[in-house]
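Chain residues, written in single-letter form:
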Amino acid sequence: MVISEVPRAFRQPVSLKLTTNALLAVWVVVASFPLVWIAVMSFKLPMDSFASNPLQVLMGFETYRVLVAYRHFR
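Please read all numbers here as calculations on a predicted model, not as lab measurements.

1. Regarding the packing of aromatic side chains
Part 1 of the argument: Per the stated rule, a full pass over the model turns up one aromatic pair.
Part 2 of the argument: An angle of 35° between the planes, with centres 5.9 Å apart, marks the rings of F33 and W37 as tilted. Within this pair, F33 and its partner W37 are both found in helix α1 (residues 14-41), separated by four residues, close to a single helical turn.
Part 3 of the argument: Accessibility expressed as a relative area gives 34% for W37, which makes it partly exposed.

2. Some remarks on the confidence of the model for the protein chain
Part 1 of the argument: Taken over all residues, the pLDDT of the protein chain has a mean of 79, while the share at 70 or more is 77%.
Part 2 of the argument: For the protein chain, per-element mean pLDDT is lowest for helix α4 (residues 62-69), which scores 67, and highest for α1, which scores 93.

3. Observations concerning the pattern of salt bridges
Part 1 of the argument: Taken as a whole and assessed by the stated rule, the structure comprises one salt bridge.
Part 2 of the argument: We note a salt bridge from R11 to E5, for which the minimum N-O separation is 3.1 Å.
Part 3 of the argument: Judged by relative accessible area, E5 falls into the partly exposed class, the value being 39%.

4. What about a nonpolar patch on the surface?
Part 1 of the argument: Together, V26, W27 and V30 give the surface a local cluster of nonpolar side chains, amounting to about 330 Å² of exposed area.
Part 2 of the argument: In this fold, W27 is placed in helix α1.

Procedures and definitions
- Residues numbered from 1 in each chain as written.
- Predicted model: local features only at pLDDT ≥ 70, side-chain atom pairs only at ≥ 80, totals over all residues.
- Heavy atoms only, no water.
- Phe/Tyr/Trp six-rings, centres within 6.5 Å; stacked < 30°, edge-to-face > 60°.
- Helix = DSSP H or I, 4+ residues; strand = E, 2+ residues; numbered from the N terminus.
- Buried < 20%, exposed > 50% of the residue type's maximum accessible area, 1.4 Å probe, protein only.
- pLDDT = per-residue confidence, 0-100.
- Salt bridge = Lys/Arg side-chain N within 4 Å of Asp/Glu carboxyl O.
- Patch = residues over 30% accessible without salt bridge, like charges linked within 9 Å, V, L, I, M, F, W, Y side chains within 5 Å.
- Areas by Shrake-Rupley, 256 points an atom, 1.4 Å probe, with all protein chains shown as cover.

Here's what the structure looks like:
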């Protein structure tokens, strides 16, 4: 037996590894959503936050145009 070989009792089937990694990836997306939401909303004007179109709330670029026009990014 080679020292670097994993003992048979610790080996996991490929399906278990794939399932574990898939669930972990889903959990990372779910857990990071509030942080991403806060970061995105920190650049929004109140009128962008309460838009009736959900895509405009997420990707409303009017706020960025206003900030660049007034040169707040210095």
